[in-house]
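Next come the chains, spelled out residue by residue.
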Amino acid sequence: MIIDISNLHASVNGTEIIKGLNLQIGPGEVHAIMGPNGSGKSTLAQTLAGKSDYEVTAGTVTYKGADLLALEADERARAGLFLGFQYPVEIPGVSNVYMLKAALNARRKAKGLAEIDSVEFMRFVREKAKLMQLDQSFLSRGVNEGFSGGEKKRNEIFQMAVLEPDLAILDETDSGLDIDALKVVANGVNAQRDGERAFLLITHYQRLLDYIKPDYVHVLANGRIVRSGTHELALELEANGYDGVLAAAG
Amino acid sequence: MAAQHSIQLPADDIRAVWQSAGLSNGVLGGLRSAALDEFLHAGLPGTRNESWKYTNIKRLADELTDYLQYKAPAEPDGSAALDLPDAIHLTFVDGVFSPERSDQKGLPDNVKLTSLADLAEAEPATLQSLFGRLARTHDSALVALNTAFAGNGVALVIADGTTLARPVCITYRSSQANAAAQPRLLVSLGQGSKATVVEHFCSAHPVFVNPVAELHCAADSSLDYYKLQAEHAETWHTAVQYIAAENNARIRTTHVDYGGALARNELKLALKGRGAHAESRGLFMADGTRHVEARLDVRHEAPDTTSRERYRGILAGRARGVFNGRIYVGQDAQKTAAELTNRNLLLSKGAEINTKPELEIYADDVKCAHGSTTGQLDATSLFYLLSRGVDKPTARNMLITAFAAELLTDISVPIIAELARNALESLQADTGGIRT
Ligand SMILES: Nc1ncnc2c1ncn2[C@@H]1O[C@H](COP(=O)(O)OP(=O)(O)OP(=O)(O)O)[C@@H](O)[C@H]1O
Ligand SMILES: [Mg+2]
């Protein structure tokens, strides 16, 4: 098991958003979470990534056999958890490569590996940028600074490709992408599938799942997973909307 | 003790100290003597004085006579000149020009670089025309003090149409504790001339440094001015620069402040000629219980003058920062454009900033804006970096450096940006009551 979330309750500013959520993801699996706006999808993602605003009030999360909740956000990342942000943050003055190099070396150190050689790093990073069809100039620009919405999303997947996580949580990485960019992003994700690495895709659109075939699809509503199924469930949602599916779920 | 408008001083003691230092002699004797009267009459400013409201120098006042006691400069300690191989390096020790530690050879013919003592001998009229051309002793008691006690300073006169390609770098060093340095720098840029001037203050002792610089920029000239203040942690530093720009002169000033116990800088910039333009930027930072202060007084006195002022402060520990920026637009200064911003970053709960950007406008056809913001490190940006696996101290450091880096681009003296970055890193280490 990569991650085992059991009876998770999380609050922000005293309001409970995640209300007893259970989810297990095994090695190599792709899970998709769909759900209405405001149902708690991003809250779940950010809680797992360790954002301090979100307070876990009950439940457990076991990640690769250890207590995830005992780790700080940066420790979680170094342990191989990656969050692709729904709204990637612009950080002028910190270049993309500078941040990535620090991040990659921190992750390597945690794995007991030596720091990456600068030349090797640039070669590696350029190759991944090419895969994501990100122009080389984006490497030296400030993190997401002045990037278009779609470029920001590609930059998230590019970072994921560089950091090679064990579990990638991608929060609406497909939103705001044109059709070609969606394929690029899907290819980027598929290129990372190796039978071990697991993915949790948060999405509103079944179309993404045509490109990245999920093993499981879950519906999150009001802080809980109310239905789980296979890819078929996504198609059913597309056809009947959440109302239909939620009514059927009772 | 209650706040007071000015702090009275032991006038007789100070006058005796002044007399024994032999400052009444020479071409400047009369000026010094008048300035001394003015200083003793005014006293040092107290916190009741509006522009010293946040700046308490009572302790300096208590010890002033000791500081002012004449002490012959000895061999200076601490950091040497900035690593600027191309520069013309000049050195002051304890506020007095030190010719034997300065490059005076190899200057272009049209550039005159001379000590004030030599100038007094050779061309007393030139000295009289430069000294006090812009600095007014009644502006501030500290300018009067500098004038009264000014030892041998330096004059740099650049002839019309001359470009001085090599930067002039002046290093102000110290040789002993408890000395008072009253350095005076006089710069005159002729019409259409160009120069880069760097002032580097790096006392290695607890001293009192009270410099005055006067830089006059004739029509069409261009000045790139840098001031780096990296004084000893227990030093008092109260500096004033006067810069005047005639028609179409272009001024750029860069201030980086990170040393001293109390460091206050006042830049007085007058755009006197039509079309004159000034860009001023400043980065000030402090940690521990230091006080750092940036004051800016930009006067648009002629039409079509433009200026842009950008100042950033970074405060850690229990440090206090003060920013006071005033843009004055006179009645005749139509079509003036000015933009003043001050942004501050507070890194700890105990850190403090008092910021006051002001506009004072008497012309009607102008475009002026000002603003200031104060905040902590952005929590969302910090989380983003953490979520990539960057540890917290490194992530904080990246954000702090980025905040400063945006200001310190396009620096013709890159070593200053590098020193600022190093200073930021040590600031970062000051974790007292950290904010996230
Ligand atoms: N920091 C916060 N302060 C207050 N409320 C918050 C905060 N973060 C989330 N919420 C609330 O929690 C609920 C869930 O938000 P969340 O962002 O997790 O939804 P979502 O399922 O990702 O929605 P969307 O599909 O629109 O992205 C919303 O009602 C939101 O307003
Ligand atoms: Mg969301």
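Structure: above.
It should be emphasised that the depicted structure is a prediction, and the values quoted were computed from it without experimental measurement.

**Q** In this structure, what is going on with the packing of helix 1 (residues 11-20) of chain B against helix 2 (residues 29-42) of chain B? I would like to understand it.
**A** Helix packing for two helices is described by the angle between their axes and how far apart those axes are. All names here are of chain B. Across the interface, helix 1 lies against helix 2 with an axial gap of 11 Å and an inter-helix angle of 160 degrees. Judged on the interaxial angle alone, helix 2 and helix 1 are roughly antiparallel. Considering the relative orientation of helix 1 and helix 2, their crossing is right-handed. The residues of helix 2 that touch helix 1, namely those facing Ala11, Ile14, Arg15 and Trp18, are Arg32, Ser33, Leu36, Asp37 and Leu40.

**Q** Could you clarify how one ought to interpret the nonpolar core in this entry?
**A** Nonpolar side chains tend to gather and get buried jointly when the protein is soluble and globular. With 117 residues, the main nonpolar core has Ile3 of chain A together with Met285 and Ile314 of chain B as its most contacted residues. Filtering out sequence-adjacent residues up to four positions away, Ile3 of chain A remains in contact with Leu23, Gln24, Ile25, Leu48, Val61, Thr62, Tyr63, Leu68 and Leu167 of chain A. Core analysis: the second largest hydrophobic core is formed by 57 residues, Leu215, Ile251, Leu315 and Phe323 of chain B among them.

**Q** How should I be thinking about empty space enclosed by the protein in this particular structure?
**A** Take a probe with the size of a water molecule and roll it over the atoms, and the empty space left behind shows itself. One pass over the full model with this rule turns up six cavities of 30 Å³ or more. Considered as a void within the structure, the largest cavity measures approximately 60 Å³ in volume. Broken down by class, the residue content of the lining of the largest cavity amounts to six nonpolar, three polar and two charged. Within this model, the second largest cavity holds a volume of roughly 50 Å³. What lines the second largest cavity is Ala77, Gly80, Leu81, Phe82, Arg107, Leu163 and Pro165 of chain A together with Ser387 and Arg388 of chain B. Taken together, the residues of the lining of the second largest cavity break down into five nonpolar, two polar and two charged.

**Q** Teacher, can you tell me more about the site of ligand 1 here?
**A** All names here are of chain A. Lining the immediate surroundings of ligand 1 are 15 residues, of which Gly38, Lys41, Ser42, Thr43 and His204 lie closest. Between an oxygen atom of ligand 1 and a main-chain N or O atom of Gly40, the distance comes to 3.0 Å. In this structure, Thr43 approaches ligand 1 through a side-chain N or O atom, which is 2.5 Å from an oxygen atom. Within the complex, the protein chains bury 63% of what would otherwise be the 630 Å² of accessible surface of ligand 1. Looking at which element gives the most residues to the shell around ligand 1, the answer is helix 1 (residues 41-49), with three residues. Of the residues that constitute the shell around ligand 1, the class distribution is four nonpolar, nine polar and two charged.

**Q** How should the interface of chain A and chain B be read in this particular structure?
**A** Often, the extent of an interface is quoted as the loss of accessible area on bringing the components together. On the chain B side, the residues contacting the 29 residues of chain A number 16 residues. Buried surface at the junction of chain A and chain B, summed over both partners, amounts to about 1800 Å²; 72% is from carbon and sulfur atoms. Summed over the shared surface of chain A and chain B, the result is one salt bridge. Arg388 of chain B is the partner of Glu156 of chain A in a salt bridge, and the nearest nitrogen-oxygen pair spans 2.7 Å.

**Q** Any chance you could explain the coordination of the magnesium ion (ligand 2) here in plain terms?
**A** Perfect tetrahedral coordination of a metal by four donors corresponds to 109.5 degrees between them, and perfect octahedral coordination by six donors corresponds to 90 or 180 degrees. All names here are of chain A. Protein ligation of the magnesium ion (ligand 2) involves Ser42 (OG) and Gln86 (OE1), the donor distances falling in the range 2.0 to 2.1 Å. Pair noted here: Ser42 is in helix 1 and Gln86 is in the loop between strand 6 (81-84) and strand 7 (91-95), with a separation of 44 residues, a long-range link. When sorted by exposure, Ser42 lands in the same class as Gln86, which is buried.

What counts, and at which threshold
Residues numbered from 1 in each chain as written. Chains lettered and ligands numbered in written order. Predicted model: local features only at pLDDT ≥ 70, side-chain atom pairs only at ≥ 80, totals over all residues. Heavy atoms only, no water. Axes fitted to C-alpha atoms, helices over the stretch in contact; angles between N-to-C directions. Helix = DSSP H or I, 4+ residues; strand = E, 2+ residues; numbered from the N terminus. Parallel < 35°, antiparallel > 145°, perpendicular 65-115°, else oblique. Left-handed = near helix turned anticlockwise from the far one by under 90°. Contact = heavy atoms within 4.5 Å. Core = buried A, V, L, I, M, F, W, Y, C linked by side-chain atoms within 4.5 Å. Buried < 20%, exposed > 50% of the residue type's maximum accessible area, 1.4 Å probe, protein only. 1 Å grid on protein atoms, 1.4 Å probe; cavity = no way out; pocket = protein on both sides within 12 Å on 5 of 7 lines; lining within 4 Å. Points joined across faces, edges and corners; volume = space filled by probe spheres on them. Nonpolar A, V, L, I, M, F, W, Y, C, P; charged D, E, K, R; others polar. Near = heavy atom within 4 Å. Polar contact = N/O pair within 3.5 Å; in protein donor to acceptor, adjacent residues only side chain to side chain. Areas by Shrake-Rupley, 256 points an atom, 1.4 Å probe, with all protein chains shown as cover. Buried area = accessible area lost by both parts, 1.4 Å probe. Salt bridge = Lys/Arg side-chain N within 4 Å of Asp/Glu carboxyl O. Donors = N, O, S within 2.8 Å, 3.2 Å for Na, K, Ca; no water.

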